[in-house]
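Coordinate inspection notes
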Amino acid sequence: VLGESNAELVSDGENLTDRFTVSVPKGQTLTLDKHAAVYTNIERVEEDLVSVARNGLMEAVGDGFDALVAEQEAFWARHWAVGDCEIDGCPSDQQALRFSLFHLRQSAPKDGRHSIGANGLTGDKYCGHVFWDTEMYISPYLLYTDPATVRPLLMYRYHLLDSARQRAREMEGVGALYSWNSISGEECGVVYEAATAEYHLLCAIATAIARYVRQTGDEVFLRHHGAEIVLETARFFADRGKFIPARGGQFCINAVCGPDEYGCAVNNNCYTNTMVQWHFRLACRIHDRLRDEHPEMFEALAGRIGLRPEERETWQRAADLMYLPYSAELGIQEQDDSFLTLDPVDMSKVPLNTDIREHHHPLNLWRMQVAKQADVVLLMFVQGDQFSVEQKRANYDFYEPRTCHGSSLSACIHSIVASEIGYADHAYHFFHQSARMDIHDFKNNTAAGVHSACLGGTWLALVFGFGGMRDHETGLRFAPTLPAQWTGYRFQVLYQGSRIGVAVTREGATYRLVEGPAVRFESAGAEVALSPEKPEAKASLARPEGRTE
Ligand code: IFM
């Protein structure tokens, strides 16, 4: 109906607007079908972009609106068949959860040249930049529902490996240092020194690689791409940290920024050091396997990156001698070398759920004993097999009251750890906050984009929190609990090729093998075995020992 003659393209310098003038006879309906094609010079040669986009557009116009809708419907039907989660007894939690899962899936690119920005596809608060959010908070949902969607995210990091090497050199380091917030590799952090110092991003990437390979068995990815990322980033850490005589020769990493971004350049952030210890051990394992099982590939890689045999020995020694700050007096992990010496703060005067960097000069903030987001508490989750429930509880009891949850990444992790240590009221409170973050515009900034990490964290809080799932190297476990506010919930996870349906009610948990080979795991301490012949099993709910309020 609308030819070019009656369309006008108007620009105000920032926005392009198509203005159509058309007369519609009274009582008739005008339908406007808008087709758009998006290509970037990341995956196409710049000179070809206009013609490629025009061709893509004409193809879409040729297919027609109905065919495009049908394609979308089929895509989403496939996705919901594996990725849906259901909550009984609270429609608004169900709505918020599905809202999260929709955004997570629609943000996942498929070409290995892009990743998921901190605001997904919805806004420009973080200018499209990619953070650790992708590997730590978002990719688990994709991995445990539709693992093929994770490989492109890892390939994105592989394609940036040269920029990461260059960034390490710019920082007078060796190996590879990925930029904390970036699209195409260069560091774009506004608080540039803190952003650069969030070295733990490298461990998040290694975690995502290890998890992906364990889940999918995609050893080809590991050999051709993953190994190089893990070894190059281990080299960065081996050079950045030092065996410090004043600490009895232990391996220390000074001037870092941990997950708690209020501590901008602290020494020995416990989360970072523990993750780097794990990272070194992973690098040694990958190094040895490649050397022993694929010697030609190993030689080629070592030759290409100039890896010397003594580097592997340094990783091993640094892991064994890693300095992990601990307060015997308080029986807790020390967040870093200085956190416990900072000025205690009256938290009733600190606005919760707000980034208080906006209220305090950095020199005042750095003196305050207040954390922005889960830091030691995150460690209790990510490296949870290294800590007892008592240690987790002691750390939670100390750090949660000193955390202002200024980041949207905080609530979900507190919900997960609270579930594990039996703090059911906290677990639901933080789940609720995480789930409603955007749908209720809890932080008053959703107009600038959804909080993608928080959306992923909401799924984590359901599955790893209430469901109590853990997938450490020792095997799969569940410890299901049911919040008082619900009557039941259901989700599916794909575990090494077996798709397991989990349904929890007040009466207990039911596990079902939806597809794939027989699988064994633990549920609240009892062994569960599912097979195609005996696909269903029942188990009791976990009764974590916590406080009653
Ligand atoms: O990556 C996060 C960070 O942990 C807290 N501030 C916001 C970033 C982007 O979501």
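Structural notes, computed from the coordinates. Quick caveat: nothing in here was measured; it's all calculated off a predicted structure. (Residues numbered from 1 in each chain as written. Predicted model: local features only at pLDDT ≥ 70, side-chain atom pairs only at ≥ 80, totals over all residues. Heavy atoms only, no water.)

Within the protein chain, the regular secondary structure consists of 18 helices and 15 strands. Since a compact globule built from 549 residues should have a radius of gyration of about 24 Å, the 25 Å found for the protein chain is in line with a globular shape. Projecting the C-alpha coordinates of the protein chain onto the three principal axes gives extents of approximately 85 × 60 × 55 Å. Once local pairs closer than 6 in sequence are excluded, the contacts in the protein chain between residues at least 24 apart make up 63%. As presented, the protein chain carries roughly 25,000 Å² of accessible surface, and 51% of it is formed by carbon and sulfur atoms. Side-chain charges in the protein chain split into 51 positive and 74 negative, and the spacing between the mean points of these groups amounts to 3 Å. (Helix = DSSP H or I, 4+ residues; strand = E, 2+ residues; numbered from the N terminus. Rg over C-alpha atoms; globule rule 2.2 N^0.38 Å. Contact = heavy atoms within 4.5 Å. Areas by Shrake-Rupley, 256 points an atom, 1.4 Å probe, with all protein chains shown as cover. Lys, Arg positive; Asp, Glu negative; His and termini not counted. Charge placed at Lys NZ, Arg CZ, Asp CG, Glu CD.)

The next subject is the site of the ligand. Close to the ligand lie Ala 118, Tyr 126, Phe 131, Trp 132, Asp 133, Trp 180, Glu 261, Lys 372, Gln 373, Ser 407 and Leu 409. With respect to the ligand, the side chain of Glu 261 contributes an N or O atom lying 3.3 Å from a nitrogen atom. Note that a nitrogen atom of the ligand is positioned 3.4 Å from one of the side-chain N or O atoms of Lys 372. Within the complex, the protein chains bury 93% of what would otherwise be the 280 Å² of accessible surface of the ligand. (Near = heavy atom within 4 Å. Polar contact = N/O pair within 3.5 Å; in protein donor to acceptor, adjacent residues only side chain to side chain.)

Per the stated rule, a full pass over the model turns up 32 aromatic pairs. Consider the rings of Tyr 126 and Phe 131, whose centres lie 5.1 Å apart with planes at 75 degrees: the pair is edge-to-face. Accessibility expressed as a relative area gives 32% for Tyr 126, which makes it partly exposed. Taking the centre distance of 6.3 Å and the plane angle of 20 degrees together, the rings of Tyr 144 and Trp 459 count as stacked. Of this pair, Tyr 144 sits in helix 4 (residues 133-145) while Trp 459 sits in helix 18 (residues 452-466), and the two are 315 residues apart along the sequence. For the residue pair Tyr 144 and Trp 459, the accessibility class agrees, reading buried in each case. Ring pairs connect the aromatic residues Tyr 428, Phe 431, Phe 466, Phe 478, Trp 486, Tyr 489, Phe 491, Tyr 511 and Phe 521, which therefore count as one cluster. Directly above the aromatic system of Phe 243 lies the positively charged group of Arg 317, at a separation of 4.0 Å from the ring centroid. Stacked on the ring of Phe 398, the Lys or Arg Arg 402 has its end atom at 3.8 Å from the ring centre. (Phe/Tyr/Trp six-rings, centres within 6.5 Å; stacked < 30°, edge-to-face > 60°. Buried < 20%, exposed > 50% of the residue type's maximum accessible area, 1.4 Å probe, protein only. Lys NZ or Arg CZ within 6 Å of the ring centre and 35° of its normal.)

Moving on, we come to the nonpolar core. Membership of the largest hydrophobic core comes to 143 residues, with the highest contact counts inside it found for Trp 132, Phe 280, Trp 459, Leu 462, Trp 486, Ile 500 and Tyr 511. In this structure, Ile 500 is in contact with Leu 476, Phe 491, Gln 492, Val 493, Tyr 495, Tyr 511, Arg 512, Val 514, Val 519, Phe 521 and Leu 530, ignoring residues within four places of it in sequence. Counting residues in hydrophobic clusters, the runner-up holds eight residues, among them Met 347, Ile 356, Leu 365 and Val 370. (Core = buried A, V, L, I, M, F, W, Y, C linked by side-chain atoms within 4.5 Å.)

This part covers the sheet that holds strand 15 (residues 536-539). Strands sit in the order 3-10-11-12-15 across an open sheet of five strands; the sheet is antiparallel. Of all strands in the sheet, those bounded by a partner on one side alone are strand 3 (86-88) and strand 15. Between one strand axis and the next, the sheet turns by 20 degrees as a mean value, whatever way the strands run. Summarising the sheet, strand 12 (residues 508-515) and strand 15 pair through four bridges and their orientation is antiparallel. Each residue of the ladder has a partner; that of Thr 510, found in strand 15, is Lys 538. (Pairing = 2+ DSSP bridges. Axes fitted to C-alpha atoms, helices over the stretch in contact; angles between N-to-C directions.)

Moving on, we get to the sheet that holds strand 9 (residues 475-478). The strand order 8-9-13-14 describes an open sheet built from four strands, whose pairing is mixed. The outermost strands of the open sheet, each flanked by one partner alone, are strand 8 (470-472) and strand 14 (526-530). Across this sheet, the average inter-strand angle for adjacent strands is 30 degrees, counted without regard to direction. Judged from the three bridges that link them, strand 8 and strand 9 form a sheet pairing that is antiparallel. Pairing of His 472 across the sheet is with Gly 475, part of strand 9.

Once that is clear, we can look at the pattern of salt bridges. Summed over all chains, the structure comprises 36 salt bridges. Because the salt bridges share partners, they merge into one network encompassing Asp 162, Arg 165, Glu 228, Glu 232, Arg 235, Arg 304, Arg 308, Glu 310 and Glu 311. (Salt bridge = Lys/Arg side-chain N within 4 Å of Asp/Glu carboxyl O.)

This brings us to the pairing of strand 11 (residues 498-505). Judged by how many residues are buried, strand 11 sits mostly within the fold: six of eight residues are covered. For strand 10 (residues 488-495) and strand 11, the ladder comprises eight bridges, and the chain directions are antiparallel. In the strand pairing of strand 11, Tyr 489 is matched with Val 504. Where strand 10 folds back onto strand 11 in an antiparallel hairpin, the turn is made up of two residues, including Gln 496, whose phi is positive at roughly 45 degrees. Direction of pairing for strand 11 relative to strand 12: antiparallel, over a ladder of seven bridges. Paired with Ala 503 across the two strands is Thr 510, which belongs to strand 12. Turn length for the strand 11-strand 12 hairpin, with the two strands adjacent in sequence and antiparallel, is two residues.

That's the geometry; what it means functionally is another story.
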